[in-house]
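# Chains, contacts and geometry: an overview
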Amino acid sequence: MTPDKTIKDDLIVGCFALLLIIPVIWVAISHGQFGYAPADECANIIKDGMSYTKKKYLINAKPTYPNIRSWCEKNLDDWRPKVRKAINYKEPPHQNYHY
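Rules and cut-offs
All residue numbers refer to position in the chain's written sequence, counted from 1. The predicted origin of the model limits local features to residues at a pLDDT of at least 70 and limits the giving and counting of side-chain atom pairs to 80 or more, whereas totals for whole chains, interfaces and linings rest on all residues. Neither water nor hydrogens contribute to the side-chain values; these are computed over all heavy atoms in the structure. To count as a disulfide, a pair of cysteine sulfur atoms needs to be within 2.5 Å. Think of it this way: any DSSP run of H or I at least four residues long counts as a helix, any run of E at least two long counts as a strand, and we number them from the N terminus. For the exposure calls, accessible area comes from a 1.4 Å probe over protein chains only, and a residue counts as buried if that area is under 20% of its type's maximum, exposed if over 50%, partly exposed in between. Arc definition: it is the arc formed by the directions from the helix axis to the C-beta atoms. The contact rule is simple, with two residues in contact once any of their heavy atoms fall within 4.5 Å. Here, axes are lines fitted to C-alpha atoms. For helices the fit covers the stretch in contact, and angles between N-to-C directions go from 0 to 180 degrees. What sets the label is the angle itself: under 35 degrees gives roughly parallel, over 145 gives roughly antiparallel, 65 to 115 gives roughly perpendicular, and the rest give oblique. Polar here means any residue other than Ala, Val, Leu, Ile, Met, Phe, Trp, Tyr, Cys and Pro, which are nonpolar, and Asp, Glu, Lys and Arg, which are charged; Gly is therefore polar. A pairing counts as a salt bridge when a side-chain nitrogen of Lys or Arg comes within 4 Å of a carboxyl oxygen of Asp or Glu.

### Observations regarding the state of the cysteines
- Applying the stated criterion to the full structure yields 1 disulfide.
- Covalent S-S linkage joins Cys42 and Cys72, the inter-sulfur distance amounting to 2.1 Å. Given an S-S torsion of about -70°, the disulfide between Cys42 and Cys72 has left-handed geometry. Of the two residues, Cys42 is situated in helix 2 (residues 38-49) and Cys72 in helix 4 (residues 65-74); the sequence distance between them amounts to 30 residues.
- Among the residues examined, Cys42 registers a relative accessible area of 0% and is labelled buried.
- A residue is classified by how much of its surface remains accessible, and Cys72, at 0% relative accessible area, is buried.

### Brief notes about helix 4
- Of the residues making up helix 4, those classed as buried are Ile68, Trp71 and Cys72. The buried residues of helix 4 occupy an angular sector of 100° when the element is viewed end-on, so they sit on one face. Opposite the buried face of helix 4, by more than 90 degrees, sit the exposed residues Pro66 and Lys74.
- In this structure, the buried residues of helix 4 make contact with helix 2, helix 3 (52-59) and helix 5 (79-87).

### As for the packing of helix 2 against helix 5
- Two elements in contact, helix 2 and helix 5, have axes whose closest approach is 11 Å; the angle formed by their N-to-C orientations is 5°. Here helix 5 runs roughly parallel to helix 2, going by the angle between their axes. Across the interface between the two elements, Glu41, Cys42, Ile45 and Ile46 of helix 2 pack against Trp79, Arg80 and Val83 of helix 5.
- Of the residues belonging to the contact of helix 2 with helix 5, the class tally is 5 nonpolar, no polar and 2 charged.

### Points about the pattern of salt bridges
- The full count for this structure, using the stated rule, is 5 salt bridges.
- Residues joined by salt bridges that share partners form a network here, namely Asp40, Arg69 and Glu73.

Next up, the structure:
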């Protein structure tokens, strides 16, 4: 067994493996097999991107994660425009001060 032949064989096997693995990963990513479920993505954006008051106005309930996720499940088709609108809600002055 010569080193040149071993390297050549390893490169051939490696290239074929990549040719098989890359399309599988691409298909999995493009079909949403990785990442959060849509309701969890929505809930995380709301939870991390708004003040307590805006969350409460948006979901019309106490803004706990289960309540936010429940709202997201009910509004899966149109949650993004509603969240964009809620981000522009006016808040009482005391909500805008950060100490």
